[in-house]
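# Commentary on secondary and tertiary structure
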Amino acid sequence: MKAKVLVIEDDQGILKFLRRGLTYEGYEVDVAEDGKQGLELAKEKEPDLVVLDLMLPGIDGLEVCRQLRADGDVPILILTAKDETNDRVMGLDMGADDYMVKPFEFKELLARIRALLRRTQPTQVKVLEFADLTLDRGTRRAHRGDRVISLTAKEYELLELFMEHPRQVLTREVIYDRVWGYNFGGQSNIIEVYVRYLRQKLEEDGEPRLIHTLRGVGYVLRKPD
């Protein structure tokens with residue numbers, strides 16, 4: 001399931017940037033432009049994590065943080081232009097779990113979000129299963145029925161991505177981002193090459209195809225028609 005992130009921020013530019021970026025990263029994102037709306041959405045949506053600006057109209061960020069913490073243990077990441085030590089201390093004393101100062105690097109924000117979610121979410125499932133295909137995260141090996149399939153590092157990462165999102169269409173852009181990273185050349189045919197490698201290994205004994213191509217869109221892991 002997608003982790004739910006609530007962003008409470010009154011700067012429209014930052015709000016749109018975070019909503020677009022976090023959605024692209026696979027999070028389910030809700031946004032609020034002031035403290036009152038943020039508290040209402042937190043109760044309604046029950047997010048897995050809150051990104052909270054301190055300088056908000058109406059109910060300020062510190063009070064929002066205090067009320068969020070009084071109501072539960074949702075991870076709170078404060079994001080603000082203030083960089084004074086006292087402001088950081090006040091935010092943490094109110095119950096925030098982490099603190100970032102604007103301007104910020106989006107990659108660092110993502111890393112902090114992932115770290116906070118790891119502390120609160122259930123332990124990662126060790127073995128992924130789909131149809132007769134299993135992927136053991138401990139041994140980094142796949143099985144098709146009783147047949148063992150050895151994978152290279154990138155083959156493993158690509159198959160893990162598919163098996164984390166069964167029946168979900170993954171665009172080329174998402175696959176590039178998750179498996180090869182932001183800076184990889186998007187014009188390369190590397191995805192097609194590795195999908196072909198995976199298919200050869202998964203279908204070696206004539207098994208039905210599980211990784212399907214949607215021309216002009218991307219790929220999807222699903223059972224054959």
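Before reading further, recall that the structure is shown in the block above.
Residues numbered from 1 in each chain as written. Predicted model: local features only at pLDDT ≥ 70, side-chain atom pairs only at ≥ 80, totals over all residues. Heavy atoms only, no water.

## A word on the overall build of the protein chain
Formally: Where helices and strands are cited, they refer to DSSP runs of H or I of at least four residues and of E of at least two residues respectively, numbered from the N terminus. Any two residues having at least one pair of non-hydrogen atoms within 4.5 Å are treated as being in contact. Only the protein chains shown count as cover for residues, and all accessible areas are computed by the Shrake-Rupley method using a 1.4 Å probe.
Counting its secondary structure elements, the protein chain contains 8 helices and 12 strands. Judged by the C-alpha coordinates and their principal axes, the protein chain covers about 65 × 35 × 30 Å. Sequence separation of at least 24 residues holds for 55% of the intrachain contacts in the protein chain that already meet a minimum separation of 6. Entry remark: accessible area of the protein chain is about 12400 Å², with carbon and sulfur atoms responsible for 48%.

## Let's talk about the nonpolar core
Test applied: We call a set of buried Ala, Val, Leu, Ile, Met, Phe, Trp, Tyr and Cys residues a nonpolar core when their side-chain atoms join them within 4.5 Å. Burial classification: accessible surface area is computed with a 1.4 Å probe over protein chains only, and a residue below 20% of its type maximum counts as buried, one above 50% as exposed, and the rest as partly exposed.
Among the nonpolar cores identified, the biggest contains 30 residues, and Leu159 and Ile175 are the most heavily contacted of them. Among the secondary structure elements, those contributing two or more residues to this core are β6 (127–130), β7 (133–136), α6 (153–164), α7 (172–180), α8 (190–202) and β12 (218–221). Non-local contacts of Leu159, meaning those with residues more than four positions away in its chain, are made with Leu133, Leu135, Ala142, Leu151, Leu198 and Leu202. Val7, Val31, Leu49 and Ile113 belong to the second-largest nonpolar core, a separate cluster that totals 22 residues.

## Some words on the sheet that holds strand β4 (residues 76–80)
Adjacent strands of a sheet pair through backbone hydrogen bonds, lying either parallel or antiparallel. Spelled out, the test is: Two strands are said to pair when DSSP picks up at least two bridges between them. Only the stretch in contact is used when fitting a helix axis, every axis being a line fitted to C-alpha atoms; angles between N-to-C directions are given from 0 to 180 degrees.
Taken together, 5 strands build an open sheet; the order of strands is β2-β1-β3-β4-β5 and the sheet is parallel. Of all strands in the sheet, those with a lone pairing partner are β2 (28–32) and β5 (98–101), marking the two edges. Across the sheet, the axes of successive neighbouring strands diverge by a mean angle of 20°, strand direction being ignored. Pairing geometry for strand β1 (residues 4–8) and strand β3 (residues 49–53), over 4 bridges, is parallel.

## As for the pattern of salt bridges
Inclusion rule: Whenever Lys or Arg places a side-chain nitrogen within 4 Å of a carboxyl oxygen from Asp or Glu, that contact is recorded as a salt bridge.
If you walk through the whole model with that rule in mind, you get 17 salt bridges. Between Arg144 and Asp132 there is a salt bridge, and its shortest N-O distance comes to 2.6 Å. Taken together, the residues span a long stretch of sequence, with Arg144 in strand β8 (residues 141–144) and Asp132 in the loop between β6 and β7 at a distance of 12 residues. For Asp132, a relative accessible area of 34% corresponds to the partly exposed category. Residue Arg172 pairs with Glu192 through a salt bridge whose shortest N-O separation is 2.3 Å. Of the two residues, Arg172 is situated in helix α7 and Glu192 in helix α8; the sequence distance between them amounts to 20 residues. Residue Arg172 is classed as partly exposed on the basis of its relative accessible area, which comes to 24%. Taking relative accessible area as the criterion, Glu192 reaches 29% and is therefore assigned partly exposed. Each of Arg147, Glu204, Asp205 and Glu207 takes part in salt bridges that share partners, so that together they form one network.

## Structural notes on unusual backbone geometry
With the exception of glycine, most residues fall at negative phi, and the peptide bonds are largely trans. For the bond from Lys102 to Pro103, the omega torsion is -10°, close enough to zero to count as cis. With respect to the secondary-structure elements, Pro103 resides in the loop between β5 and α5 (106–120). With a phi close to 50°, Ala131 is a non-glycine residue in the positive phi region. Checked against the element boundaries, Ala131 lands in the loop between β6 and β7. Unlike most non-glycine residues, Arg140 shows phi in positive territory, near 60°. Tracing the backbone through its elements, the reader meets Arg140 in the loop between β7 and β8.

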